[in-house]
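Residues per chain are reported as follows:
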Amino acid sequence: AEILFKAGVHPELLGSELTRAEFSRIWTHTVELLRRGFISGSILTVDKHEAIQLGKPRMRRYIYNMHRCGRCNSPVSSWKMASRTCYACPSCQPLDYRAKEVDKSVVSSKVKVFNSHCARESLEERLKQPEKLRVKELKAELQRRGLPTSGLKK
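Residues numbered from 1 in each chain as written. Predicted model: local features only at pLDDT ≥ 70, side-chain atom pairs only at ≥ 80, totals over all residues. Heavy atoms only, no water.

### Re the confidence of the model for the chain
Note the threshold: As a per-residue measure, pLDDT reflects the predictor's confidence and takes values from 0 up to 100. Labels follow the DSSP assignment, with helices taken as runs of H or I lasting at least four residues and strands as runs of E lasting at least two, numbered in each case from the N terminus.
Per-residue confidence for the chain gives a mean pLDDT of 83; residues scoring 70 or more make up 82%. Confidence, expressed as mean pLDDT per element, reaches its minimum in the chain at helix α4 (residues 123-127) with 76 and its maximum at helix α1 (residues 2-7) with 96.

### Quick word on the packing of aromatic side chains
The following threshold applies: Only Phe, Tyr and Trp rings are paired, with Trp represented by its six-membered ring, and only when their centres lie within 6.5 Å; those with planes under 30 degrees apart are stacked, over 60 edge-to-face, the remainder tilted. Think of it in three bands: residues with accessible area under 20% of the maximum for their type are buried, residues over 50% are exposed, and the middle band is partly exposed, with areas taken using a 1.4 Å probe on protein chains only. Consider the ring centre and the ring normal. A charge sits over the ring if Lys NZ or Arg CZ is within 6 Å of that centre and within 35 degrees of that normal.
Under the definition given, this model contains three aromatic pairs. Taking the centre distance of 6.4 Å and the plane angle of 15° together, the rings of Phe23 and Trp27 count as stacked. Taken together, the residues span about one helical turn, with Phe23 and Trp27 both in helix α2 (residues 20-40) at a distance of four residues. For Phe23, a relative accessible area of 38% puts it in the partly exposed group. Over the aromatic face of Tyr62 sits the side chain of Arg71, whose NZ or CZ is 4.8 Å from the ring centroid.

### Some thoughts on the state of the cysteines
The condition that has to hold: Any two cysteine sulfur atoms lying within 2.5 Å of each other are counted as a disulfide.
The tally for this structure, following the rule as stated, stands at zero disulfides. Cys72 supplies the cysteine sulfur nearest to Cys89, a cysteine that is in no disulfide, at a spacing of 3.5 Å.

### Some words on the pattern of salt bridges
Heads up, the rule is: Salt bridges are identified by distance alone: a Lys or Arg side-chain nitrogen within 4 Å of an Asp or Glu carboxyl oxygen.
Within the structure shown, the criterion is met by seven salt bridges. The salt bridge involving Glu32 is made with Lys6; its shortest N-O contact spans 4.0 Å. Remark: Lys6 occurs in helix α1 and Glu32 occurs in helix α2; sequence separation between them is 26 residues. The partner of Glu141 in a salt bridge is Arg145, and the shortest N-O contact between them spans 2.7 Å. When its relative accessible area of 13% is taken as the criterion, Glu141 is described as buried. Taken together, the shared-partner salt bridges connect Lys6, Glu32, Arg36 and Asp47 into one network.

### Focus: the nonpolar core
What counts, and what does not: Residues belong to one nonpolar core when they are buried, are Ala, Val, Leu, Ile, Met, Phe, Trp, Tyr or Cys, and are joined through side-chain atoms within 4.5 Å. Contact definition: two residues touch when any of their heavy atoms are within 4.5 Å.
One finds Phe5, Val46, Ala51, Met59, Tyr62, Ile63, Cys69, Val76, Tyr87 and Cys89 forming the largest nonpolar core, which totals 10 residues. When sequence neighbours within four positions are dropped, the list of residues in contact with Cys89 reads Phe5, Ile63, Cys69, Cys72, Ser74 and Pro94.

### Some points on unusual backbone geometry
The phi angle at Asn65 is positive, at roughly 60°, despite the residue not being glycine. Assignment of secondary structure puts Asn65 in the loop between α3 (48-53) and β1 (77-81). Non-glycine residue Ala82 carries a positive phi angle of around 50°. Here Ala82 is to be found in the loop between β1 and β2 (84-88).

Listed below in structure tokens is the structure:
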């Protein structure tokens, strides 16, 4: 998701339809991000200078597992492709005429976020999206706020 985002390529565009320039951008970002991950030991797809420029110095990802695009703040779309979840920003990765039409019935503008074990976020960041909290963390936060921690979900 993040490599295609950085390259500005929509996930529905077939590899055989890529221009040489698109392929080169994908290749460049793939090499760059694999090197960065190997050196840092972590998945960091956002360039530090861009994160600072955007006023989000701790931002790690643009669209993966996000409700809104980290670059332009547009709602992120997600859908299933070969049993995997695809993510795309319709503004930063427009679907062009070469890509097959995305089945609108499977595209969700409401991304179901989760606590990713591959791209960890701090507790402070996860508190902004409670659905990413672990049960233990959620109970601790509810207790801190003086709210009940037992009973059925409503």
